[in-house]
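Given next are the chains, with one letter for each unit.
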Amino acid sequence: MTSHQNTQTMKPASAAKKLGVYLQATPAEFQEGVVSRSELNALQADPPEWLQELRRNGPHPRPVVAAKLGVSVSGLARGGVTEALTTEQIDALKTESPEWLQQERATQAEVRKEAVRIKEKNAARADVPRRPRS
């Protein structure tokens, strides 16, 4: 009996998410087809011009926008940013530095500090030998 290996495929939305690009900005043939794991690996290893352009100038999906602004995706929503933004629009927001962006960056910094504190606390707890319960 010979083993038959199926090619693993994904929807264009999943592939776009893995590539970090906004699906609606990708070429029609990408949006309409399915992407195999090997095609995705090839796109990541040697991105075509359209993919390089999207990564460079956008429009970028919200998780990428949030990362570039140093806030959470929820923070973007609280700030009223619900659509994909281009690199130019992101740079303009950074320059303007509206109050909501400053506040969300401060919130994100606190979240990161708390995550580090918890990690250190858990690491210290793991180093302490436990006494047997009686």
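Residues numbered from 1 in each chain as written. Predicted model: local features only at pLDDT ≥ 70, side-chain atom pairs only at ≥ 80, totals over all residues. Heavy atoms only, no water.

Another aspect to go through is the side chain of Thr26. Note that Thr26 resides in the loop between helix H1 (12–19) and helix H2 (28–32). With a relative accessible area of 5%, Thr26 lands in the buried category. A polar contact is formed between the side chain of Thr26 and the backbone oxygen of Leu23, at a distance of 2.6 Å. Among all residues touching Thr26, those that are not within four sequence positions of it are Val21, Gln31, Trp50 and Leu54. (Helix = DSSP H or I, 4+ residues; strand = E, 2+ residues; numbered from the N terminus. Buried < 20%, exposed > 50% of the residue type's maximum accessible area, 1.4 Å probe, protein only. Polar contact = N/O pair within 3.5 Å; in protein donor to acceptor, adjacent residues only side chain to side chain. Contact = heavy atoms within 4.5 Å.)

Met10, Ala15, Ala16, Leu19, Val21, Phe30, Val35, Leu40, Leu43, Leu51 and Leu54 form the largest nonpolar core, which has eleven residues in total. Listed by contribution, the elements that provide at least two residues to this core are H1, helix H3 (37–45) and helix H4 (49–57). Among the elements that line this core, the one with the most residues is H1, at three residues. Beyond its immediate stretch of four places on either side in the chain, Leu51 contacts Leu19, Val21 and Leu43. (Core = buried A, V, L, I, M, F, W, Y, C linked by side-chain atoms within 4.5 Å.)

On their own, these measurements won't tell you what the molecule is for.
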